Amino acid sequence: MRTTYRSLAYAIDGLILVQAAAIAWAIFGFGKYIDDGNSFSKSQMDSNTFVFTEERGFMIHGINGQMLIPLVGLILLIVSFFAKVPDGTKWAGMLFGGIVIQVALGMFGRGLPVLGLLHGANALLLFWLAWRAAKAASGVVGTATQQRAYADQ
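Residues numbered from 1 in each chain as written. Predicted model: local features only at pLDDT ≥ 70, side-chain atom pairs only at ≥ 80, totals over all residues. Heavy atoms only, no water.

**Q** What's the story with the environment of L17 in this structure? I'm lost.
**A** Examined against the element boundaries, L17 turns out to sit in helix 1 (residues 2-35). Judged by relative accessible area, L17 falls into the exposed class, the value being 51%. The sequence separation of L17 and L124 amounts to 107 residues, and the corresponding C-alpha distance is 10.0 Å. (Helix = DSSP H or I, 4+ residues; strand = E, 2+ residues; numbered from the N terminus. Buried < 20%, exposed > 50% of the residue type's maximum accessible area, 1.4 Å probe, protein only.)

**Q** Looking at this model, I keep getting lost on the pattern of salt bridges. Mind explaining?
**A** Two side chains of opposite charge can pair, provided their charged atoms sit close to one another. Enumeration according to the criterion identifies two salt bridges in this entry. Put simply, D36 and K32 hold a salt bridge, and the shortest N to O gap is 2.9 Å. As far as the burial class goes, D36 and K32 line up, both exposed. For the salt bridge of K90 with D87, the shortest nitrogen-to-oxygen distance reads 3.9 Å. Relative accessible area serves as the criterion here: at 41%, K90 is assigned to the partly exposed category. Given a relative accessible area of 34%, D87 falls into the partly exposed group. (Salt bridge = Lys/Arg side-chain N within 4 Å of Asp/Glu carboxyl O.)

Scope: geometric values only; no functional claims are made or implied.
As structure tokens, then:
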């Protein structure tokens, strides 16, 4: 169970990296599309066709962030109750709470773009929380008491 916990935490880190890559790909592609003399409208954004190749990055970012990361975070939280990781439930709970906040920031950010600043900063916090949760399962970080308890198991 400890290995599952650690793997799920590292998977969240990997998915966060996919998030950053996907949104950067989309924004850079959007910039090139505009620089090439094209324009972009809401009707194009709402259509079921891709106007430029990199637009897929927006879709990847949305699906990954609204479905996949929350699902993995919820599974990590459930596993944390059985994994016997020192403070594992605490780390998984903080991570899942941060994921819920992240999804809300992303959804409400369209109406209030300044939330994008918090969305980006929170993503870095989530990356650290997932890394910290994985390390807790490895017994690499924590107090000396926690490390001794890990070694005794």
